[in-house]
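Fold and geometry: a report
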Amino acid sequence: MKKKILVVDDEPSISMLIEFNLKLAGYDVRCVSDGEAVFEMLKPFRPDLIVLDLMLPKMDGIQVCRELRKQSNAVPIVMLTALQDVTDKIAGLDNGADDYMTKPFSPQELISRIQAIFRRIQSLPGQAESTTFDIGRLTVRAEQREVLIDGRSIELTPKEFELLLFLCKHRGKVLSRQQLLHGVWDYHFLGDTRIVDVHISHLRDKIEQNARTPEYIMTVRNVGYKLHAPNMADSSLA
């Protein structure tokens, strides 16, 4: 079965370029030109992934992301933006996008990122682990994809959960941003490490008592991040 990709862009030239290249890569592709049309296509087309422009008529990309996640729809989203301001890209990630690309972009890089997302998804059934990580007040149950703080359930996005689980599996190790991009996003090329920083920030907001003075996810200066138990002391952490 071909993977189904819904392309949402109001520029016909961009839609045609993406559609041509995705079909050439073996995907089943449908295109729509406004945000509201996304929800009209969900049931009849059932996309496996959405390529979503930020600036759209009727509903913009942020609103579409937010509404999909509100409906507990975890379909992967690659957001496209012509805006260079990092705050616009972060806004997409804040509202549930899995990745973003800035226009103009290489169709081959877009395909590479889509393939990376599908590789991750396909690997999840093989990870049907019964592993449970108990770290301080934090409990992460891999098989149930559940996170608890003091027994209270914490709601994470799929990407936030994958990042936290990866950190748990490498507890005590210092991981560079590139290692996290490779391990969690499956990027084999030089990716934008701000994606990691945004998701780390979101995780801290959800699992730390005070995100400004984290107990679990620590920044290792000039290197990356490290997950450790709150009672572990390390002067190199901040």
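In what follows, the accompanying structure is described. Keep in mind that what you see is a predicted model, and the values were worked out from it rather than measured. (Residues numbered from 1 in each chain as written. Predicted model: local features only at pLDDT ≥ 70, side-chain atom pairs only at ≥ 80, totals over all residues. Heavy atoms only, no water.)

**What to know about the packing of aromatic side chains**
Spelled out, the test is: Aromatic contacts are taken between Phe, Tyr and Trp rings whose centres are within 6.5 Å, Trp giving its six-membered ring; a plane angle under 30 degrees counts as stacked, one over 60 as edge-to-face, and the others as tilted. Note on conventions: DSSP H or I runs of at least 4 residues are helices, E runs of at least 2 residues are strands, and numbering of each starts at the N terminus. Only protein chains enter the accessibility calculation, which uses a 1.4 Å probe; a residue whose area is less than 20% of its type maximum is buried, one above 50% is exposed, and one in between is partly exposed. Any Lys NZ or Arg CZ found within 6 Å of a ring centre and within 35 degrees of that ring's normal is scored as a charge over the ring.
Scanning the entire structure with this criterion turns up 1 aromatic pair. Considering the side-chain rings of Tyr27 and Phe118, the 5.9 Å spacing of their centres and the 40 degrees angle between planes classify their relative orientation as tilted. Of this pair, Tyr27 sits in the loop between helix H1 (12–24) and strand S2 (28–32) while Phe118 sits in helix H5 (residues 107–123), and the two are 91 residues apart along the sequence. Judged by its relative accessible area of 9%, Tyr27 is buried. Taking the relative accessible area as the measure of exposure, Phe118 reaches 5% and is therefore buried. When the ring centre of Phe118 is taken as reference, the NZ or CZ atom of Lys3 above it lies at 5.2 Å.

**Quick look at the nonpolar core**
Quick reminder of the rule: For our purposes a nonpolar core is just a set of buried Ala, Val, Leu, Ile, Met, Phe, Trp, Tyr and Cys residues, chained together by side-chain atoms within 4.5 Å. Only heavy atoms enter the contact rule, under which two residues are in contact if any of them lie within 4.5 Å.
Of all hydrophobic cores here, the largest spans 54 residues; its most connected members are Ile50, Leu52, Val140, Leu164 and Ile217. Once residues lying within four places of it in the same chain are set aside, the contact partners of Leu52 are Val8, Gly61, Val64, Cys65, Ile77, Val78, Met79 and Leu80. Counting 18 residues, the second-largest nonpolar core is a separate cluster that includes Leu80, Phe105, Ile114 and Ile117.

Taken by themselves, the reported measurements are silent on function.
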